[in-house]
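Residue-level structural notes
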Amino acid sequence: MEEAEAQSDDDDPCAYYLAFFEGFLQFMQKNNESFGPPTSRSMISVMLFSTSDSIARQLEQHLRLDQEEGRTFSIQPSSAARFLTGAMAQSARYLLGHPEEANKKQLVADMRLALEILFNG
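Residues numbered from 1 in each chain as written. Predicted model: local features only at pLDDT ≥ 70, side-chain atom pairs only at ≥ 80, totals over all residues. Heavy atoms only, no water.

1. Quick look at the overall build of the chain
Our working definition: For the purposes of this entry, the term helix denotes a DSSP run of H or I that reaches at least four residues, the term strand denotes a run of E that reaches at least two, and both are numbered from the N terminus. Type-normalised accessible area, obtained with a 1.4 Å probe on protein chains alone, sets the label of each residue: buried when under 20%, exposed when over 50%, and partly exposed for intermediate values. Pairs of residues are marked as contacts when any of their non-hydrogen atoms sit within 4.5 Å.
Scanning the chain from terminus to terminus reveals five helices and zero strands. The order of helices and strands in the chain, counted from the N terminus, is α-α-α-α-α. Residues counted as buried form 36% of the 121 residues belonging to the chain. Looking at the chain alone, contacts between residues at least 24 apart form 67% of all its contacts between residues at least 6 apart.

Here it is as structure tokens:
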């Protein structure tokens, strides 16, 4: 989150959220072996479930700050935070569970598109 904050850009409202997403994916990849063998991914599910509320709270807090600074969203910050959290968790599961077909750069590009819709309607 600190790295994401450092990459915040007033001219690009997506910058923080993309940096957050990339950092999350990097953390998951780095710690992938801690989650067990690829055929048994119960640990990754437990980890994603146990951290999703915390991630959603952090994202919602940042979205509300953006809103206070005059940014507008297509949906309410609380809903946006949960949608983004779900997208991040499922992207991480896909990346770790299907490394032969998942493309991290494409996941990030797709997240940018989703964020642009959120910020621009």
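Past the structure itself, the notes keep going.
2. Observations concerning helix α2 (residues 15–30)
Note the following rule: An expected span of 1.5 Å times one less than the residue number is assigned to each helix.
Spanning 16 residues, α2 covers 22 Å between terminal C-alpha atoms, matching the ideal 22 Å at 1.5 Å per step. Along α2, the residues that are buried comprise A15, Y16, Y17, L18, A19, F20, F21, F24, L25 and M28.

3. Points about the packing of aromatic side chains
Rules: Working definition: a ring pair exists when centres of Phe, Tyr or Trp rings (six-membered ring for Trp) sit within 6.5 Å. Plane angles under 30 degrees give stacked, over 60 give edge-to-face, the rest tilted.
Per the stated rule, a full pass over the model turns up four aromatic pairs. Residues Y16 and Y17 carry aromatic rings whose centres are separated by 5.0 Å and whose planes lie at 90° to one another, so their mutual orientation is edge-to-face. Y17 matches Y16 in its accessibility class, with the two residues each being buried. Both rings, one in Y17 and one in F119, keep their centres 5.6 Å apart while their planes meet at 40°; by these two values the pair is tilted. One end of the pair, Y17, is in helix α2; the other, F119, is in helix α5 (residues 104–120), with 102 residues separating them in the sequence. Taken together, the aromatic side chains of Y16, Y17, F20, F73 and F119 make up a single cluster linked through ring pairs.

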